[in-house]
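# Chains, contacts and geometry: an overview
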Amino acid sequence: MKTRQMAVALINNQQDEYLFLNKRNDHDFLAGFYVPIGGHIRPEELINVKQACLREVYEETGLEQKDLHDIKYKYLLVRHVDDEIRLQYVFTMSTSAIPTSSEEGDLYWLTSEQLLTRRVTPPVKAMVEHFERGGKETNDMFVGTLGTGGLMQWSTLIDC
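Residues numbered from 1 in each chain as written. Predicted model: local features only at pLDDT ≥ 70, side-chain atom pairs only at ≥ 80, totals over all residues. Heavy atoms only, no water.

### Remarks on the overall build of the chain
Looking only at helices and strands, the chain features three helices and eight strands. Each helix (α) and strand (β) of the chain, taken in turn from the N terminus, gives the series β-β-β-α-β-β-β-α-α-β-β. For 160 residues, the compact-globule estimate of 2.2 N^0.38 gives 15 Å, and the chain sits close to it at 15 Å. In terms of overall dimensions, the chain has a C-alpha envelope of 35 × 35 × 35 Å along the principal axes. Counting the 160 residues in the chain, one finds 46% classified as buried. Counting only contacts in the chain whose residues sit at least 6 apart along the sequence, the fraction spanning at least 24 positions is 62%. Of the accessible surface of the chain, which amounts to about 8,700 Å², a share of 47% is contributed by carbon and sulfur atoms. (Helix = DSSP H or I, 4+ residues; strand = E, 2+ residues; numbered from the N terminus. Rg over C-alpha atoms; globule rule 2.2 N^0.38 Å. Buried < 20%, exposed > 50% of the residue type's maximum accessible area, 1.4 Å probe, protein only. Contact = heavy atoms within 4.5 Å. Areas by Shrake-Rupley, 256 points an atom, 1.4 Å probe, with all protein chains shown as cover.)

### Re the pattern of salt bridges
When the charged atoms of two side chains lie near each other, side chains of opposite charge can form a pair. Scanning the model with the defined rule gives ten salt bridges in all. One salt bridge connects Lys72 with Asp70, and the closest N-O pair in it is separated by 3.8 Å. According to the relative accessible area criterion, Lys72 is partly exposed, its value standing at 26%. According to the relative accessible area criterion, Asp70 is exposed, its value standing at 52%. Shared partners join several salt bridges into a network, and the residues in it are Arg42, Glu45, Arg55, Glu56 and Glu59. (Salt bridge = Lys/Arg side-chain N within 4 Å of Asp/Glu carboxyl O.)

### Describing the nonpolar core
In summary, soluble globular proteins display a tendency toward joint burial of nonpolar side chains. By size, the foremost hydrophobic cluster in this structure holds 22 residues, and its most contacted members are Ile11, Cys53, Val57, Tyr89 and Met93. Of all the secondary-structure elements, those providing two or more residues to this core are strand E1 (2-12), strand E2 (18-23), strand E3 (34-40), helix H1 (49-61), strand E4 (68-81) and strand E5 (84-95). Residue contributions to this core peak at five residues, all from H1. Core analysis: the second largest hydrophobic core is formed by 19 residues, Met6, Val8, Leu110 and Val128 among them. (Core = buried A, V, L, I, M, F, W, Y, C linked by side-chain atoms within 4.5 Å.)

### Details of unusual backbone geometry
Here the phi dihedral of Asp16 falls at roughly 60 degrees; this positive angle occurs in a residue that is not glycine. Inspection of the secondary structure assignment puts Asp16 in the loop between E1 and E2. Here the phi dihedral of Asp70 falls at roughly 55 degrees; this positive angle occurs in a residue that is not glycine. By the secondary structure assignment, Asp70 is in strand E4.

Next up, the structure:
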């Protein structure tokens, strides 16, 4: 069994829209899907996934850390796909900057309603719904595991 670890940014703007990348149809991973900004974590970045996330944001949008505000580690999404465990470390953040184009696909600002009608993976769709239903109102961190029937189960990540 393999493990795929990704650092992801759920970026919103003042109009309550989220920045998503529509991956090119010829891309080797999630082709044609709308995905949050982010990507694979390099082995040397495992100790600091926030830096991996900021690197991915810059590579895919041209946005620098100075363009981003209120950066918070918010979600850990866990999913089992075929012979792979996928872990997504998700940071929420906001910006008023205009991102540049991406080599991996087209960038779109989408409302949560628009996003939920697009081709989005089940964990990301569940995360946006959770964030909209109250996740953004708290400083808590959450772990989401995709279970039977595609139902996302949420737990608050607590230091005991």
